[in-house]
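Residues per chain are reported as follows:
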Amino acid sequence: MNPMPPPTATGRDAGRTPYPDLTLASRRVPAHLRSFLPAQARAGARFTDPAHVRTLGLLRLSTYRGAARSLVASADGTGEPHLVLGVHSFGRATLVRGDGTVSRGPDDLFVCDGAVPFLLHEAAPFEVHLVSVPRHALAATDRQVRTLSGRTDFAGSPVAPLLGPFLRQFLDTLPEYAPRTALRLATTITGFVGSLAAEAVPEPRHQEPGSEPARERQELLDRVRSYVDARLGDRTLTPAAVARAQHISVRYLHKLFEQQGSTVGRWIRHRRLEEARRELAAPGSAGLTVSSVARRWGFANATHFSRSFRAAYGMSPREWRSRTQPSGATGSGAG
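Residues numbered from 1 in each chain as written. Predicted model: local features only at pLDDT ≥ 70, side-chain atom pairs only at ≥ 80, totals over all residues. Heavy atoms only, no water.

## Examining the environment of Leu171
Structurally, the position occupied by Leu171 is in helix H3 (residues 160-172). With a relative accessible area of 3%, Leu171 lands in the buried category. When near neighbours in sequence (up to four residues on either side) are disregarded, Leu171 contacts Arg54, Leu61, His129 and Val131. (Helix = DSSP H or I, 4+ residues; strand = E, 2+ residues; numbered from the N terminus. Buried < 20%, exposed > 50% of the residue type's maximum accessible area, 1.4 Å probe, protein only. Contact = heavy atoms within 4.5 Å.)

## Remarks on the nonpolar core
Judged by nonpolar contacts, the single largest core of 63 residues is most densely connected at Leu85, Leu196 and Phe305. Residues in contact with Phe305, not counting those within four places in the same chain, are Leu273, Ala276, Leu280, Val290, Ala294, Phe299 and Pro317. (Core = buried A, V, L, I, M, F, W, Y, C linked by side-chain atoms within 4.5 Å.)

## Focus on the sheet that holds strand E4 (residues 59-66)
The antiparallel open sheet is built from 5 strands, whose spatial order is E3-E4-E11-E6-E9. Here the strands that pair on one side only, and so sit at the sheet edges, are strand E3 (52-56) and strand E9 (110-113). Going across the sheet, the axis of each strand differs from the next one's by a mean of 20°, ignoring polarity. With 7 bridges connecting them, E4 and strand E11 (residues 126-134) associate as antiparallel partners. When the bridges of E11 are listed, Arg65 appears paired with Glu127. (Pairing = 2+ DSSP bridges. Axes fitted to C-alpha atoms, helices over the stretch in contact; angles between N-to-C directions.)

## Here's the deal with the pattern of salt bridges
Overall, the coordinates contain 10 salt bridges when judged by the stated rule. Of the charged contacts in the structure, one is a salt bridge between Glu274 and Arg277, with a shortest N-O distance of 2.9 Å. With Glu274 and Arg277 both in helix H8 (residues 264-281) and 3 residues apart, the pair spans about one turn of that helix. A salt bridge links Arg278 to Glu275; its shortest N-O distance comes to 2.9 Å. Of this pair, Arg278 and Glu275 both sit in helix H8, 3 residues apart, which is roughly one turn of that helix. Here the salt bridges share partners, and the residues they tie into one network are Asp229, Arg271, Glu275 and Arg278. (Salt bridge = Lys/Arg side-chain N within 4 Å of Asp/Glu carboxyl O.)

Structural data, given as structure tokens:
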């Protein structure tokens, strides 16, 4: 889609370039990424470095602040698929990207694909927070995540009006939280984003030619997920076992999850990791070893569990527990 024109200058700004200070940023945007920016910004576009960067568990938090200006933001350099959530503490900006423009002010949430540069034209002194959320941490389908990353209008969303203010207040007051409290709040943010992605692609309401109604498919999918949740600790839980219990073919089971942009195996692994993560952070779990938690939730051994946990959340199970448990409470369960 062709990019929409940039904000039009008026009054004493009339006649000036619409992106006056991109050259104040620090790193030139590579040619293959400049193509994603509006045409008027491509020639001199440079990435802007944040004023402050923090890492909180699996989230990367970047804060930009300053006088009215334009800034280009993009990927965090890890190469890992992720979404970028943005919210202003103060100021108002026009978010400009290849698919158009939208105005964003305090508590107005915006979401972008972390692999694609975007431009913020800040009209006044501002502070804006960007939160990088890894794709693998979201309990959402690929289609839902793609749709969310291109969404600009959150009118009617039951989740966005809650997430925007919560995100701003959390980031504004982050230094005041104890590390384990902040880490748990970061997990809450990830859950919010998953819910926002889920609402971005509602279930189809029409009946496809030659197939069962969409409601019946959804009911079957819900039964499959409930069956999986009740047996997460069973190491023999395989697609074949799930299909047999639901009296459907393995091929049809895979098709159900394929329509959701996921796989049966990915869903089982995600649910096992989520339950293990919850148990490791639960009060009173300090006496449990990582190995026992891994076995409880269906992992063959602690090594496989730790490798999967780190890939999903960016830290080991022991690191997660040490950050979420009260100081001194994790000694006996570290094995």
